[in-house]
Amino acid sequence: MPVFLSDFVHAARWLAALAVLLAHANVLISLSDIMVAPHGPLVYLWWFVTAFSHQAVTVFFVLSGFLVGGRVFAAMERRTPFLRAYFVDRFARIYLVLVPALALTFALDALGREFFAGAGIYELPGLEGAYEPSRILSALAMQQNIWAGQAGTDGPLWSLACEFWYYLLFPLLLLPWARAYSEPVRLVGFTLGALLLLLLSIPSSRVPFGFVLWAMGALAARAKRPLLSAKYLSLGIFLAALVVGRLAARGPLFEAHPVLHDIADALTAATLANLLTTLRFSESGFALGNSALHRRLADFSFSLYATHMPIVFFFWAGAGHIFGADWHKLLPTPTHWLVTAALLLVAVATAFGFSRLTEAHTPALRRFLHAAVAALDRRARLGERARWVGQGRAEGL
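Definitions and limits used
Residues numbered from 1 in each chain as written. Predicted model: local features only at pLDDT ≥ 70, side-chain atom pairs only at ≥ 80, totals over all residues. Heavy atoms only, no water. Helix = DSSP H or I, 4+ residues; strand = E, 2+ residues; numbered from the N terminus. Rg over C-alpha atoms; globule rule 2.2 N^0.38 Å. Buried < 20%, exposed > 50% of the residue type's maximum accessible area, 1.4 Å probe, protein only. Contact = heavy atoms within 4.5 Å. Patch = residues over 30% accessible without salt bridge, like charges linked within 9 Å, V, L, I, M, F, W, Y side chains within 5 Å. Areas by Shrake-Rupley, 256 points an atom, 1.4 Å probe, with all protein chains shown as cover. Salt bridge = Lys/Arg side-chain N within 4 Å of Asp/Glu carboxyl O. Core = buried A, V, L, I, M, F, W, Y, C linked by side-chain atoms within 4.5 Å. Expected span 1.5 Å × (residues − 1). Axes fitted to C-alpha atoms, helices over the stretch in contact; angles between N-to-C directions. Parallel < 35°, antiparallel > 145°, perpendicular 65-115°, else oblique. Left-handed = near helix turned anticlockwise from the far one by under 90°. Nonpolar A, V, L, I, M, F, W, Y, C, P; charged D, E, K, R; others polar. Phe/Tyr/Trp six-rings, centres within 6.5 Å; stacked < 30°, edge-to-face > 60°. Lys NZ or Arg CZ within 6 Å of the ring centre and 35° of its normal.

So, the overall build of the protein chain
At step 1: When helices and strands are tallied, the protein chain shows 15 helices and zero strands.
At step 2: Computed over C-alpha atoms, the radius of gyration of the protein chain comes to 24 Å, within 12% of the 21 Å expected from 2.2 N^0.38 for 397 residues, which places it in the range of a compact globule.
At step 3: Principal axes of the C-alpha set define a box for the protein chain whose edges measure 95 × 55 × 45 Å.
At step 4: Across the 397 residues of the protein chain, 47% fall into the buried class.
At step 5: Expressed as a percentage of contacts within the protein chain between residues at least 6 apart in sequence, the contacts between residues at least 24 apart total 80%.

What to know about a nonpolar patch on the surface
At step 1: A grouping of Trp-147, Leu-195, Leu-198, Leu-199 and Ile-202 is seen on the molecular surface, where their side chains present a nonpolar patch of about 540 Å² in accessible area.
At step 2: Note that Leu-199 resides in helix H7 (residues 183–201).

A look at the environment of His-294
At step 1: Of note, His-294 is situated in helix H12 (residues 291–299).
At step 2: Placed 280 residues apart in sequence, His-294 and Trp-14 show a C-alpha to C-alpha distance of 7.6 Å.
At step 3: In this structure, His-294 is in contact with Asp-7, His-10, Ala-11, Trp-14 and Leu-288, ignoring residues within four places of it in sequence.

Points about the environment of Phe-323
At step 1: With respect to the secondary-structure elements, Phe-323 resides in helix H13 (residues 301–323).
At step 2: Sequence separation between Phe-323 and Gly-149 is 174 residues, and the spatial gap between their C-alpha atoms is 31 Å.
At step 3: Setting aside its immediate chain neighbours within four residues, Phe-323 contacts Thr-335 and Val-339.

Structural notes on the nonpolar core
At step 1: Within the largest apolar cluster, 110 residues are counted, with the highest numbers of intra-cluster contacts made by Phe-82, Met-142, Trp-165, Phe-170, Trp-214 and Leu-276.
At step 2: Looking at this core element by element, the count peaks at 15 residues for helix H6 (residues 157–174).
At step 3: Beyond its immediate chain neighbours, meaning those up to four positions away, Phe-82 contacts Val-72, Ala-75, Met-76, Pro-171, Ala-178 and Tyr-181.

Concerning H13
At step 1: The end-to-end C-alpha distance of H13, which contains 23 residues, comes to 31 Å, matching closely the 33 Å that a straight helix rising 1.5 Å per residue would cover.
At step 2: With 19 of its 23 residues buried, H13 lies for the most part within the structure.
At step 3: Within two residues after H13, Gly-324 carries a phi angle of roughly 120°, on the positive side.

Considerations on the pattern of salt bridges
At step 1: Counted according to the given criterion, the structure contains five salt bridges.
At step 2: In this structure, the salt-bridge partner of Arg-366 is Asp-89, at a minimum N-O distance of 3.8 Å. Separated by 277 residues along the polypeptide, Arg-366 in helix H15 (residues 362–396) and Asp-89 in helix H4 (residues 83–115) bring together distant segments of the chain.

Quick word on the packing of helix H1 (residues 3–25) against H12
At step 1: The geometry of H1 relative to H12 is characterised by a closest axis approach of 8 Å and an angle of 45° between their N-to-C directions. With respect to H12, the element H1 is oriented oblique. Where H1 crosses over H12, the handedness of that crossing is left-handed. Between H1, through Asp-7, His-10, Ala-11, Arg-13 and Trp-14, and H12, the contact on the second element is made entirely by Ser-291, His-294, Arg-295, Leu-297 and Ala-298.
At step 2: Residue composition of the contact of H1 with H12, grouped by class: four nonpolar, three polar and three charged.

Description of helix H8 (residues 206–222)
At step 1: Here H8 spans 25 Å end to end across 17 residues, near enough to the 24 Å set by a 1.5 Å rise per residue.
At step 2: Three or more residues of H8 are buried, namely Val-207, Gly-210, Phe-211, Leu-213, Trp-214, Ala-215, Gly-217, Ala-218 and Ala-220.
At step 3: Buried residues along H8 sit in contact with helix H3 (53–78), H6, H7 and helix H11 (259–280).

Quick look at the packing of aromatic side chains
At step 1: Summed over the entire model, instances satisfying the criterion amount to 24 aromatic pairs.
At step 2: A centroid spacing of 5.1 Å and a plane angle of 85° characterise the contact between Phe-164 and Trp-165, whose relative ring orientation is edge-to-face.
At step 3: By relative accessible area, which is 11% here, Trp-165 ends up buried.
At step 4: Chaining the aromatic ring pairs together yields one cluster made of Phe-61, Phe-73, Trp-158, Tyr-166, Tyr-167, Phe-170, Phe-211 and Trp-214.
At step 5: Sitting over the face of the ring of Tyr-167, Arg-90 holds its NZ or CZ atom 5.1 Å from the ring centroid.
At step 6: The ring of Tyr-131 has Arg-113 sitting right over it, with the charged end atom 3.8 Å from the ring centre.

Focus on unusual backbone geometry
At step 1: With phi around 60°, Arg-79 is a residue other than glycine that occupies positive phi space.
At step 2: Backbone geometry at Asn-145 places phi at a positive 60°, although glycine is not the residue there.
At step 3: You can see Asn-145 is positioned in the loop between helix H5 (133–140) and H6.
At step 4: Under the relative-accessibility criterion, Asn-145 is labelled partly exposed at 30%.

Nothing here speaks to function; it is geometry throughout.
If you want it as structure tokens, here you go:
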């Protein structure tokens, strides 16, 4: 990947994670009069930038498809078996963050429910049964908001569950074209992938639709040529799709016709996939500033996404406990802005520290798991060889 394309991907990752954090932190800022009363430019800016969380998740899906799906295509072209190493890498990437994120969520939720019980935040609709131990198991099984409800207050983990299944589904559904495997293996793999997709589609259309968006990113890594060769035009079209989705995909019309939301998401995904393809074939990228800074911020974007929500709930409940249960519904005062700024700082700092303990060690965990799997494979081969030798001796006698 060219450096300028890598810089763009890094910048898009951390900006998308920040967009999700800002949207969720906005629970402390009520701008119910934004359309009827004058405000300062910073308030209008806050109102505008805190409503991109939905588009940010779409960006995550497309980027994931571009990075991971592109590697699947490359692995298939090498015509050597790749599934075992691929699944080990995906497992390490997901679970090294998921398990501690769940532990942090339930610990912080327990503290919040103990000290801020009167605020009514941890009793909101949608959290019924969220603290049952079975929810931890369903989250670990990647069923959050698919076949099971969410675990604790960490609702954003639903998209992580989707990502996990897309990681599995994509190579399985492409297996018929993987010449490194025998025909029976390819048939079994494809059948398994198709059955998994069907089962995951039964409770909601969210999984298959998200898979389409994810696949757009994968195809962007595979495309032989871009639809548009002008990078600034492609960037402008993508940003326009983001803004249209932000401003238009709301209101009674969109609420009455949910398919319009899907159209807006597909437009965002398609224009981003087009931009990524254009950059693949460009000789230069955009002036994004310090490459190292974008990389460092992207390095803990996954952790920020996975850990920020229980912190948001903790601040939300704590503010309600201190200032009153309806404090977050009041028009914002300097105190509202200060509490929100503190929330943002704590969430980012926590995510950075969390990432140093978790996802920063992803390469080491992958090496360990690869070595463990290889050792098990050698042991199995030796056992099989010993069995055949023993059987041959028995037949000789």
